[in-house]
Every structure is written in C-alpha cells, then in structure tokens.
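# Descriptive analysis of the structure
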Amino acid sequence: MKLRTNRRAVLKGGAAALAAVMLSGTAMAAPIKIGASIPTLDNPFWVNAVNFAEHVAKVLNIELTVVGAENKEDKQLTDVQSLLSSGAQALVVTPQSTASAPGIIRLAARAGVPLVIVDRYPGFDPGNADAPYVAFIGPNDVTAGRDIAAHLIKDGAKKIVAIGGLPGSSVAEGREQGLREAVKDASGVEIVQYIGAGESEDAGYQAMQNLLAAHPAGSIDAVWCYNDALCLGAFRAVRQAGREKEIKLAGMDLVPQALDLIEQKTNYTFSTGGHWLQLGFGVMIAYDQLNNHPPIKPVVRLDLLGVDSGNFATFKKQFIEGEPPYDVKQYTLTNNPSATSQQFPLQTK
C-alpha cells in the first residue's frame, strides 16, 4: 500500500508567486517543518494515522515529512537523525520500544527541537531532566479494555475467554486491567481463561484454536481481544469450528477488516479505537509549541470511539468517507487562544 507524504512547496511558479504577493501587499509565510517517525508505514492503522496527520498539516500550513521505521529500533534512530539534519523544527515520534525512547528524546533535546511522543509511553513523563520532551498523547488502555468487555457483557456474555497482548507490555497490562475491572463489576460474568498471545492475526488464530479445544460447545460465549488483529484470527478459528452462533467477539483498533465484519452484522460485534488521530493531534501540539504555546496538558490519555452495528453508518460517514467533523484550527492555541483542549473528542456527532 503506497502512502502519501506531504511535501508541499513553499512557493510555486517563481515570478507568478512573487507577483501575487506584491499584488496582495502581504508576505507569504513559509510553512513550519515538522518530522514524524512511526513504527511502520505498512499497516492499516498507521495508514489512517498518516492520512489524518497530513490533513492537519494542510489546514495549518505545515510541511510534514513522515517516515516509517520498519519496526526496527536502529532504523528509527537513523530516521530521526535524518529528519533533524533536513531542518525539522519539531518532531512527533512513536517510539519503536520503551527502551529506544530515551535515546530519541535526547537526540531532539541536543538539537534544541521540541518533541511530542505519541501512542507508546516512554516510561516517564515530559519534563524529565535526563530526557525532556514536550508532551505525550496516547490511548487510555484501561478504559479501552473495559469498554471491549462491557460491550460483550451488554450483549449477553457470561463466560468470556480473553486473548491478550504481549506479556509484560504496559499497553497489554492496561487493557487486561480494564477487562478484569469490567468483569468484576458485572454479576454472573467470569473470565474462563486469559491467554497472552501477542499482536498478530496468526497469533490470535492459534490461541483461539487452543481455547476452542479446551472449552467445548456451551462452555464459553464470548472472546475479548487485545486488538483487532488477534480478533480477526480468533474470528477465523471460531468460524472454521462452526461455533459462530454461540460465540461473539470484540477487539480494538477499528481496522478495515474488523469494520467490514461489524457492518455485515456478524458475530464480530464491536471494536474501539480512533486513536490513529493521535498522530495528527501530536502535530497540532508541536505546531502550538513552535508558536510559543505550551501544551494545555502534557500527558493526554484518549478515551476512544466504540463502534458496533448501531452507530456504524454514522462512523463511516464521518471518519472513513471524510475527515472528522471538527475544525482543526479551533483546537490549536495559536489560532484559538481560548481553546480548552488540543484534541477533539473521539465520538460521532
């Protein structure tokens, strides 16, 4: 899948542009240069993230360059150095790992370039003396895990099996915490088994095959998944076993394949997400920082957008077929000093 990278020229047409400036009597402002480094460009979630970030850049007259690290720590460090060398005035980065985050932050700090961290928490808050950065913005994983479970419970689930993320990951632990809180608060609901499987569709498929073998018909009725990739693998295993009428599934990330199954009203009933917008929100925070407006909140945990068959049509119209129905400029302090948030709510309207 080929991604667009926003590399808009400052002036086009030479003499024609100069004449236009002279006629208008105003100087044409050069765009701010912001570089973004993300784990990969070859993933539907990050495709959506880049597209929204480019929309933000266009609205705010930003020259945005986005690079993917191919899920390699050493490549990301090289990419960040290249962005700094090419004149990036600010950086927005999703670290490949918690271990690599401090090195990236120090690179930006030595160059005197503000840095916003997105999606993957580096393990410490902004303002850290050894590795200072401007702000962190990412999903509220505990709430997300709780919302996935709550939807299944509302849909009648009593005996839930769960396919979690990588053991030891703070993101996986947060979502598992939300799952366990939702089940604890619900009468007559239990987690029959929890497996920490990973993140891929193949991992979800294998984990679900093992769960189906361990829990025969009638013993489970729902599958809670750490993300949509795992859930798509689990969905395939459930269907192959002929147990789709008794088992419902729900996940996270709002990836296209999951949304298709929700739209078709299959037993894949729910996904939560919308946090691909966080890359664009990070660009907005960096833009404000460059215009001498520090972040309103240095640490932001996004509550996400839940999608089921009931609100799918509205979600599709507002977030898939067009840009989100919000004015980006109204959520930047540079353009709206009275703004109370630098990110709009993840909800349909």
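Residues numbered from 1 in each chain as written. Predicted model: local features only at pLDDT ≥ 70, side-chain atom pairs only at ≥ 80, totals over all residues. Heavy atoms only, no water.

Taken together, six strands build an open sheet; the order of strands is β7-β6-β8-β9-β10-β12 and the sheet is mixed. Edge strands, defined here as strands with exactly one partner in the open sheet, are β7 (190–196) and β12 (305–307). Within this sheet the neighbouring strands show an average axis-to-axis angle of 15 degrees, counted without direction. Where strand β6 (residues 159–164) lies against strand β8 (residues 222–225), four bridges are found, and the strand directions are parallel. Pairing of Ile-163 across the sheet is with Cys-225, part of β8. Across the sheet, helix α5 (residues 141–154) is in contact with β6, β8, β9 (248–252) and β10 (268–273); its angle to β9 comes to roughly 160 degrees. Seen against the sheet, helix α8 (residues 228–240) touches β6, β8, β9 and β10 and runs at an angle of roughly 160 degrees to β9. (Pairing = 2+ DSSP bridges. Helix = DSSP H or I, 4+ residues; strand = E, 2+ residues; numbered from the N terminus. Axes fitted to C-alpha atoms, helices over the stretch in contact; angles between N-to-C directions. Contact = heavy atoms within 4.5 Å.)

Quick look at the packing of aromatic side chains now. All chains considered together, the criterion is met by twelve aromatic pairs. Taking 5.0 Å as the distance between ring centres and 85 degrees as the angle between the ring planes, the aromatic pair formed by Phe-281 and Phe-344 counts as edge-to-face. Of the two residues, Phe-281 is situated in helix α10 (residues 278–290) and Phe-344 in the segment after α11 (312–320); the sequence distance between them amounts to 63 residues. Each member of the pair Phe-281 and Phe-344 is classed as buried. (Phe/Tyr/Trp six-rings, centres within 6.5 Å; stacked < 30°, edge-to-face > 60°. Buried < 20%, exposed > 50% of the residue type's maximum accessible area, 1.4 Å probe, protein only.)

All right, on to the domain arrangement of the chain then. Structurally, the chain comprises domain 1 (32–139 + 275–330) and domain 2 (141–273). Centre-to-centre, using C-alpha coordinates, domain 1 lies 28 Å away from domain 2. Taken together, the 16 residues of domain 1 in the interface contact 17 residues of domain 2. Carbon and sulfur atoms supply 62% of the area that domain 1 and domain 2 bury against each other, a total of about 1,500 Å² over both sides. If you look at where domain 1 meets domain 2, you find one salt bridge. As a salt-bridge pair, Lys-316 and Glu-263 come within 3.6 Å of each other at their nearest N and O atoms. (Domains from an automatic or database assignment. Buried area = accessible area lost by both parts, 1.4 Å probe. Salt bridge = Lys/Arg side-chain N within 4 Å of Asp/Glu carboxyl O.)

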